[in-house]
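# Structural description and commentary
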2 protein chains.
Amino acid sequence: MQNRTIIENVTPEIDGGKYYIKRVIGEKVDVTADIFSDGHDALRTSLLYKLDTDKVWQEVAFKEHPNDVWTASFTVEKQGFYVYKIEAWVDHLLNWLKGFRKKHADGQDMRVELQIGSSFLRKTAEIHGKSKAKQLTQLAKSLETEAYESAVQLVLGADLAQLVEQFPMKQFETTYDKNLRVRVGRELELFSAWYELFPRSTSPESGRSGTFKDVERLLPRIQEMGFDVLYMPPIHPIGKLNRKGKNNSTTAEADEPGSPWAIGSEVGGHKAVEPTLGTLKDYKHLIVEAKKLDIEIAFDLAFQCAPDHPYIKEHPEWFLWRPDGTIAYAENPPKKYQDIVPINFETEDWRYLWDELLSVVQFWCEAGVTIFRVDNPHTKPFRFWDWLIAEIQRDFPDTMFLAEAFTRPKIMAALAKGGYTQSYTYYTWRNTRRELEEYLTELSQTESREYFRPNFWPNTPDILAYELMGAGSNMFALRYLMAATLSSNYGVYGASYEFLENTGNPVTGKEEYYDSEKYIIRNYDWNARNRLTDLYTRVNRIRKENKALQTTWNIHFTRTDNEQLMSYVKLSEDETNVIWCIASFDVHNKQAGWIEVPKKLLGIEGRVNLKVTDLLSNETYFWFNDWNFVELNPAKYPIHIFKVEKN
Amino acid sequence: MQNRTIIENVTPEIDGGKYYIKRVIGEKVDVTADIFSDGHDALRTSLLYKLDTDKVWQEVAFKEHPNDVWTASFTVEKQGFYVYKIEAWVDHLLNWLKGFRKKHADGQDMRVELQIGSSFLRKTAEIHGKSKAKQLTQLAKSLETEAYESAVQLVLGADLAQLVEQFPMKQFETTYDKNLRVRVGRELELFSAWYELFPRSTSPESGRSGTFKDVERLLPRIQEMGFDVLYMPPIHPIGKLNRKGKNNSTTAEADEPGSPWAIGSEVGGHKAVEPTLGTLKDYKHLIVEAKKLDIEIAFDLAFQCAPDHPYIKEHPEWFLWRPDGTIAYAENPPKKYQDIVPINFETEDWRYLWDELLSVVQFWCEAGVTIFRVDNPHTKPFRFWDWLIAEIQRDFPDTMFLAEAFTRPKIMAALAKGGYTQSYTYYTWRNTRRELEEYLTELSQTESREYFRPNFWPNTPDILAYELMGAGSNMFALRYLMAATLSSNYGVYGASYEFLENTGNPVTGKEEYYDSEKYIIRNYDWNARNRLTDLYTRVNRIRKENKALQTTWNIHFTRTDNEQLMSYVKLSEDETNVIWCIASFDVHNKQAGWIEVPKKLLGIEGRVNLKVTDLLSNETYFWFNDWNFVELNPAKYPIHIFKVEKN
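Cut-offs and rules
- Residues numbered from 1 in each chain as written.
- Chains lettered and ligands numbered in written order.
- Predicted model: local features only at pLDDT ≥ 70, side-chain atom pairs only at ≥ 80, totals over all residues.
- Heavy atoms only, no water.
- Helix = DSSP H or I, 4+ residues; strand = E, 2+ residues; numbered from the N terminus.
- Buried < 20%, exposed > 50% of the residue type's maximum accessible area, 1.4 Å probe, protein only.
- Polar contact = N/O pair within 3.5 Å; in protein donor to acceptor, adjacent residues only side chain to side chain.
- Contact = heavy atoms within 4.5 Å.
- Buried area = accessible area lost by both parts, 1.4 Å probe.
- Salt bridge = Lys/Arg side-chain N within 4 Å of Asp/Glu carboxyl O.
- Least-squares fit on C-alpha atoms with pLDDT ≥ 70 in both.
- Pairing = 2+ DSSP bridges.
- Right-handed = clockwise from strand over helix to strand, strands pointing away.
- Phe/Tyr/Trp six-rings, centres within 6.5 Å; stacked < 30°, edge-to-face > 60°.

## Observations regarding the side chain of Glu501 of chain B
Residue and element names in this part refer to chain B. With respect to the helices and strands, Glu501 occurs in the loop between helix 14 (494-498) and helix 15 (531-545). Take Glu501: its relative accessible area is 18%, and that puts it in the buried class. There is a polar contact of 3.5 Å between the side chain of Glu501 and the side chain of Arg522. For Glu501, the residues in contact, after removing those within four places along its chain, are Leu464, Phe476, Ser496, Tyr513, Arg522 and Tyr524.

## Regarding the interface of chain B and chain A
Often, the extent of an interface is quoted as the loss of accessible area on bringing the components together. At the junction of the two partners, chain B supplies 57 residues and chain A supplies 57 residues. Approximately 5,300 Å² of surface area, both sides summed, lies buried where chain B meets chain A, with 54% of it carried by carbon and sulfur atoms. Linking chain B with chain A are 10 salt bridges, by the criterion used here. On inspection of chain B and its partner chain A, the count reaches 24 residue pairs in polar contact (both at pLDDT 80 or more).

## Some thoughts on the relation of the copies chain B and chain A
The two chain copies are related to each other by a rotation about an axis together with a translation along it. Superposing chain B onto chain A takes a rotation of 180° combined with a translation of 0.1 Å along the rotation axis, leaving an RMSD of 0.1 Å. Considering both components of the superposition, the chain copies are consistent with a two-fold axis. The position closest to the rotation axis in chain B is occupied by the C-alpha of Gly16 of chain B, lying 3.3 Å away. When the interface residues of chain B are mapped onto chain A, 100% of them again lie at the interface, so the same face is used by both copies.

## Let's talk about the pairing of strand 17 (residues 371-375) of chain A
Residue and element names in this part refer to chain A. Summarising burial for strand 17: 5 of the 5 residues are buried, a large majority. Every second residue of strand 17 is oriented toward a common face, with Ile371, Arg373 and Asp375 on one face and Phe372 and Val374 on the other, all of them buried. Bridge count for strand 12 (residues 296-301) against strand 17 is 4 bridges, and the pairing is parallel. Within strand 17, the residue paired with Leu301 across the bridge is Val374. As paired strands, strand 17 and strand 18 (residues 400-404) are joined by 5 bridges and run parallel to one another. Paired with Ile371 across the two strands is Met400, which belongs to strand 18. Crossover handedness for the path strand 17 to helix 10 (residues 382-395) to strand 18: right-handed.

## Points about the packing of aromatic side chains
Two aromatic rings are characterised by how far apart their centres lie and by the angle between their planes. Across all of its chains, the model carries 98 aromatic pairs over all chains by this definition. Ring centres of Trp350 of chain A and Trp354 of chain A lie 5.0 Å apart, and the angle between their planes is 70°; this geometry places the pair in the edge-to-face category. Taken together, the residues Trp350 of chain A and Trp354 of chain A, both in helix 9 (residues 350-366) and 4 residues apart, mark about one turn of the helix. Here Trp350 of chain A falls in the buried class, since its relative accessible area comes to 18%. Here Trp354 of chain A falls in the buried class, since its relative accessible area comes to 1%. Geometrically, the ring pair formed by Tyr231 of chain B and Trp457 of chain B is edge-to-face, given 6.4 Å between the ring centres and 85° between the ring planes. A residue pair is termed long-range when its members are at least 10 positions apart, and Tyr231 of chain B in strand 11 (residues 229-231) and Trp457 of chain B in the loop between strand 20 (454-455) and helix 13 (473-486) qualify at 226 residues.

Any functional reading would require information that these geometric values do not contain.
Below is the structure:
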């Protein structure tokens, strides 16, 4: 055991390599490690990486920092899995060169050192293969044959230094290899704008359910607003037994449609389509038509059953039966969800159950679905998802999964580690400057960033945030604009938000919509446009035109002198695109204040000289000072989205 | 795969279980983990531990904290290796009981729940074996046969709750098992006072070298001062080739003794004894005599060779030869250590080298040595030490190793992880209140605490700290008293310190002794006593009488209103012994100030009523307020060591 180096404290490394980290094509992986050896000899360190199907490793040298910290990076360029590992070794050739310089500077006689150097050069040439490293052998010869002074100058010269750099004397290396993996996905995984609607609410005529055909007619509107993903609640037959009525009533009138999440009836289950929406063929047609407009359809995967779902008769062993012959409701005592029963994942028949549920996802993948929004994944076992997502992505690598888990932080993290592409977040309840700065810092600056991709939603059919309840369009605009600029992935329960629905449920007093669309068919005037329609359109275009808004990891909060103003700067990785947002939390009054130019971040030395253009208002300002004045009028735009250019 | 729980973020866990943690007999291991499951069901969690040679695991339940954090502890009672692991599962019996209570409170009919409960009780009885869990079966019967109301009351009663606690319904459990190990050592590993002397300086007559016999005569003096460990520099034959003279001179006069760390001559090497000190038999006799006085002899293990060490002829392949036929000196360019050559651990013959060096340590273990102070371990490979220490401690489990590595933090940590029992520290250079508070917090409150046991030395033969250079006895007293009360392990290069040697080397200007004992024979008046002699004696007695000073992990810094005063409180684990130290950094003037009673730490609710006795001055004070006045006179005692008693 002649290896002398220690490699430890490696990041990224999630739970000892148990989970992979996530990137999209073109992103960097920054690797950090503590690397050291006994004694005083010079070390060299390599980061090795490759697509797991490649044979050859790429190699990049680490950079040394104080306290034995080393860093190196690589950029992922192809979809699939990358692997990376680290090598470190005492490099006697490099060590000799460093010692030579010091001893020479100390005035020592270098004759023996020249002999040692030539032998190290020859040995290094052997390591690399003599033909590849001919220059080393030539140099060794020169050290042996040249006159003393000129041989010394050869060692001190740039050519030798460059060769030592190029040809490591790698022996007795330590390898750190914990199966560290990166899953590289397509760009949409990190940069997406989601629009949610209930297909049954898309009918142009009041009184009948909307259909997939009606949704198709709305596609140009959605495309014009600039959304990439159209997400619809479950499209399966809705259960009739225990169907819920308006406002979560436990009894439904005969004509009430029920909740789309109460899946399954005698018409069919998770592979069937609710007849009032159309046919499977219609759904597939919708997917194809949407794709033509660069819109992908997100499918709602909700693994739960209405009491009349066919599974219950076909697979009674997958449910938890009570001694009175009923099935246990889904419950969180004393709360009950009477219109659905949960699947019992502890069933002895779990292998068949998993296979059946996998076949459901495969069925919809084959129908053309590329995105799954998963309902309450945190009420199903983590290991089931780890397995299912890996199985699906192996055969359908473009498939994305959004975890709808609004729950405790470690559970949300565990789902993300297990493979979820994106995750709903606490954004919905982060309202103050401090809350948002802390939350974004946690999401973008901690280990979370390696596996948890936030998707910011100001509202969902389940959640009318207190902040929006009874609020006017200024607040709707603010919460929307922050979601779309803080996070590169965002979504909105769209029409409801666009048309400023703000009525909470006065009976429960909770963050719920009154007359929630979950239990009724709604009619919208899809021809109308308003302030929010315009904001959607404008902001999605701004996001597409500015690379800085296409990632969440690059956010920097900067100083303001007014607590009501939050300032954040985002730079594209190549630093050619700089977006500077200033949001005002006061949705009733104008707010003004001074904001500091982050000179170091922007690479400004000396005087400030910036041109900033507000991409919402199209106003341009020229800033020549370290602190500059801004004013926000919430009735116009509660946020500045400045594009920053250096003059 | 029916298991639903996740166990992660486990501490202590050093580098994924690669290294063990350390304890002494009687210490606690506090285990923390994030544990959670999908859904809302009740979890149970067990910490399992055992001596690795035991068959049966001990089991203790975790306590739940917010944010899915769970904690549990166990106490190690025997020397050897303990192992620990974690189990967690959804406990349906417990979950049923919790749900029962909520639903009952909600006014629901409990008939079906009673039936479910009885079936869970029967199933749990099966898990535990019907004879062991008879009570569960009886209870199940009662639930089935009693009238409704009395059955409900049975479920809500204390007996059932107690049984549910006692008999977990363990199934589909997740096990976290990364070979997590604890090495449990004897008490001396954590609580020791070291005294260093050069045996050749122990002669009562000037002009001749001291011997092991002379050291024996000093043992009663060392015992009286209360030291546990007597550490002597290497006792091997000193090389004659390139021997160093007074003050590190590269040429020695004929009568100069040389540095004991330049090991080996034609007389012998690492298994031989320097003839002027006596014989191997004398050394063994010294060990035996010392042990009678509860003093252990620490052996200096320095794996390096004088140029005339026998290894060089016998094993030329273990050294790095230069093209001119010389061996490379030990060097840190441009510095050279001309009187020693390093062993080349990269030799192809490393297997034989390792075995020979192991045999050296075995030789001294068999001679009775129980403690090794290892010279410059950081210039030998980490993996060599990991192996050597494990090999030795397997056969000689009482053996301790102190790492003399004054180097970068991660290197010192790596040696400790690899098995070193104790480590020298940066205490020698931590002089201000902030430095000491930060350093002690790092040592005692971070992961370091699990494997790195500090040993605080105010001086060593290599280091006369600038703080002590030219300083008077007040500073010597302060630095000694802080070492002995901040850290449960401390040492002192004793006679030199006791007799206030404070003359630095004016030529080098470095933190070195002038006329260093490393190169000369010194004569001390071993009959003299002074202020330091008294302090040694008093402080070692105080440490032995107060359990709070016998560990380093229990330190709490508390508030003072004077930056010159540092206040720290230590509690024994059972909280029966409380020591409160206040140190003044001003060694020239009196300093006074107010110190705050840490009421929460001391468990004081309401009014303060404390009796504090200074164990140095024997003065007693009664404190009735939250803040109390103290005054320190450095000419008397620069530290208060208060024993705190609640009235």
